[in-house]
Amino acid sequence: MSSVNLVAREVAVKIVFYGPGLSGKTTSLRKIYETVRPAHRGEMMSIATEGDRTLFFDFLPVKVERVNDCTVRLALYTVPGQVFYNSTRKLVLQGADGVVFVADSQPEMMDANRESLANLEENLLEQGIRLERFPLVIQWNKRDIPKALPVAELRAALNPRNVPDYETEALSGRGVLDALKAITRLVIQDLRIKRIVPPPRAATPAIPSLGSPKASSGGGLEAQLSQHLAGRTASVTAPAAATASAPAVPRPSRSMPAIAPPQPQVQVQVVPAVAPPALTGQRPLGPASALAPSDLFDHARAAEGAFSSGDYGTCIQACLDATRRGLAFAGEGTMGAQAHLLRVDGADLLRLQTLAARSSNRVDDAAFALYVLMQIFSRLHAAGLPAPATE
């Protein structure tokens, strides 16, 4: 759920990229990351297996400069696509304000698309949220594949409610930013309905078209995003002429006439890898601290801080310490017995202990340590541990 800092007039919102395994969720986030100017981007945190499948999630903090009198911060996440990581998908989905569903356009992936969309609906229902009342945008990804299904067929099967959808090619970036703009717009509208952000001010001059040199002085979300990403989008999003000649997916949100009503004034940049101003009270959560029980939150932050600074040995030691403390919630006994109760892979624990005993470590060693720690956190959450304090 979005959080509000009244002193700083800042609203923090969470957007999750959801979809089947290897549909292009992580690639979409990477393309957003690559598109933002280097001076304005921080680190993109990711935990992946050797097959480059996102095991837990990617986390990309993005700053939206202004929506009238409020600053908005977006936290972009992806979830693991594999069905056996559903408990992690539930954790990442908790508190989300909007979802980008990344569907794979290949014919053989249709069943996986349906299963993942049904899983999204089911996991939202567990939070008391109905999908039809939730900000949702769909990416029809992998449109560059010759055997890709027609968009009309995909819509009939996966988009009966006619939510905004976009043809995308995550590898090249075509359409990815359009989907990001659309979900940002829907989330802000939803927050306005909930009175979390104020309504728009009085009407302003018409929005310049995308790519217009006057976009920096004008208003809508598309204009501000395009202006902020200027110089990087040429190789990622097609030029105006090329876009016009490409097969279009007719959606009102995909093109905005000059006379369209003004949209919220927004600029996007990736938050630098430093703490936000003091008024915000804290820097954006990393993947480990986002999953951590409150008793282990500080330990997770310490591990992430060491990883970000390149102190991989300290990161591994912090992960091992937090892992021991986390396993202790399963009761007394050896680490092996505690791990067995929580269904944690004992081989992973042995490797973590081996890495901690080394005199030097690499970045992939520290990434593995963070993966083990998040695995512990996920198992603790599934088991309802630590138990809430009682009076």
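Residues numbered from 1 in each chain as written. Predicted model: local features only at pLDDT ≥ 70, side-chain atom pairs only at ≥ 80, totals over all residues. Heavy atoms only, no water.

## As for the side chain of Asn141
- If you trace the backbone, Asn141 turns up in strand β6 (residues 136-141).
- For Asn141, a relative accessible area of 2% corresponds to the buried category. (Helix = DSSP H or I, 4+ residues; strand = E, 2+ residues; numbered from the N terminus. Buried < 20%, exposed > 50% of the residue type's maximum accessible area, 1.4 Å probe, protein only.)

## Digging into the environment of Leu22
- One can find Leu22 in the loop between β2 (10-18) and α1 (25-35).
- On the basis of relative accessible area, Leu22 is assigned to the exposed category, the value being 52%.

## Describing the packing of helix α12 (residues 346-357) against helix α13 (residues 363-383)
- Contact geometry of α12 with α13 gives a least axis separation of 10 Å together with a crossing angle of 135°. Between α12 and α13, the angle is such that the two are oblique. Between α12 and α13 the crossing geometry is left-handed. Between α12 and α13, the residues in contact are Asp348, Leu349, Arg351, Leu352 and Leu355 and Asp365, Phe368, Ala369, Tyr371, Val372 and Gln375, respectively. (Axes fitted to C-alpha atoms, helices over the stretch in contact; angles between N-to-C directions. Parallel < 35°, antiparallel > 145°, perpendicular 65-115°, else oblique. Left-handed = near helix turned anticlockwise from the far one by under 90°. Contact = heavy atoms within 4.5 Å.)

## Looking at the packing of helix α10 (residues 312-328) against α13
- Where α10 contacts α13, the two axes come as close as 9 Å, and the packing angle between them is 20°. When the axes of α10 and α13 are compared, the pair comes out roughly parallel. Every pair of crossing elements has a handedness; the one defined by α10 and α13 is left-handed. Taken together, the residues of α13 that come into contact with α10 (itself represented by Tyr312, Cys315, Ile316, Cys319, Ala322, Thr323, Gly326 and Leu327) are Val363, Asp365, Ala366, Ala369, Leu370, Val372, Leu373, Ile376 and Leu380.

## What to know about the pairing of strand β5 (residues 98-104)
- Among the seven residues of β5, seven are classified as buried, and the element is accordingly described as predominantly covered.
- Where burial is concerned, the two faces of β5 agree: the one with Gly98, Val100, Val102 and Asp104 and the one with Val99, Phe101 and Ala103 are both buried.
- Assessed by its sense of winding, the connection that carries the chain from β5 through helix α3 (residues 110-126) to β6 is right-handed. (Right-handed = clockwise from strand over helix to strand, strands pointing away.)

## Comments concerning the confidence of the model for the protein
- Across the protein, the average pLDDT comes to 76, with 66% of residues at 70 or higher.
- Element-level pLDDT for the protein is lowest in helix α7 (residues 240-245), with a mean of 39, against a maximum mean of 98 in β6.
- This model gives residues 252-282 a pLDDT under 50, and the stretch forms 91 contacts once residues within four places in sequence are excluded. (pLDDT = per-residue confidence, 0-100.)

## A short note on helix α9 (residues 297-308)
- With 12 residues, α9 extends 17 Å from end C-alpha to end C-alpha; this agrees with the ideal 16 Å at 1.5 Å per step.
- Ala300, Arg301, Ala303, Glu304, Ala306 and Phe307 are the residues of α9 that are buried.
- In this structure, the buried side of α9 is in contact with α8 (287-291), α10 and α13.
- Where α9 terminates, the next one or two residues include Gly310, which has phi positive at roughly 85°. (Expected span 1.5 Å × (residues − 1).)

## Some remarks on the nonpolar core
- By size, the foremost hydrophobic cluster in this structure holds 34 residues, and its most contacted members are Cys315, Ile316, Cys319, Leu370 and Phe377.
- Those elements that place two or more of their residues in this core are α8, α9, α10, α12 and α13.
- For this core, the leading source of residues is α13, giving 11 residues.
- With residues near it in sequence (within four places) discarded, Cys319 still touches Ala303, Leu352, Ala369, Leu370 and Leu373.
- Among the nonpolar cores identified, the runner-up in size contains 26 residues, and Val16, Leu93, Leu117 and Ile138 belong to it. (Core = buried A, V, L, I, M, F, W, Y, C linked by side-chain atoms within 4.5 Å.)

## Examining unusual backbone geometry
- Each neighbour pair has its own omega, and for Leu385 with Pro386 the value is -5°, a cis peptide bond.
- Relative to the helices and strands, Pro386 resides in the segment after α13.
- Of note in the backbone geometry, Leu22 takes a positive phi value of approximately 65° without being a glycine.
- Although it is not a glycine, Lys142 adopts a positive phi angle of roughly 65°.
- Inspection of the secondary structure assignment puts Lys142 in the loop between β6 and α4 (151-158).

## Description of the environment of Asn361
- Residue placement: Asn361 occurs in the loop between α12 and α13.
- Separated by 48 residues in the primary sequence, Asn361 and Gly313 place their C-alpha atoms 5.9 Å from one another.
- Beyond its immediate stretch of four places on either side in the chain, Asn361 contacts Tyr312, Gly313, Ile316 and Leu355.
- At a separation of 3.2 Å, a polar atom in the side chain of Asn361 contacts the main-chain carbonyl oxygen of Leu355. (Polar contact = N/O pair within 3.5 Å; in protein donor to acceptor, adjacent residues only side chain to side chain.)

## Section: the state of the cysteines
- Following the criterion strictly, the structure yields zero disulfides and no others.
- Lacking any disulfide linkage, Cys315 is separated from the closest cysteine sulfur, that of Cys319, by 4.2 Å.
- Cys319 gets classed as buried once you look at its relative accessible area, which sits at 0%. (Disulfide = S-S within 2.5 Å.)

## Some thoughts on α12
- Its 12 residues place the ends of α12 17 Å apart at the C-alpha level, agreeing with the 16 Å of an ideal helix rising 1.5 Å per residue.
- Here α12 has its buried residues at Asp348, Leu349, Leu352, Leu355 and Ala356. Within α12, the buried residues cover an arc of 125° as seen down the axis, which keeps them to one side. Seen from the buried face of α12, the exposed residues on the opposite side, beyond 90 degrees, are Leu350 and Ala357.
- In this structure, the buried side of α12 is in contact with α10, α11 (335-341) and α13. (Arc of directions from axis to C-beta.)

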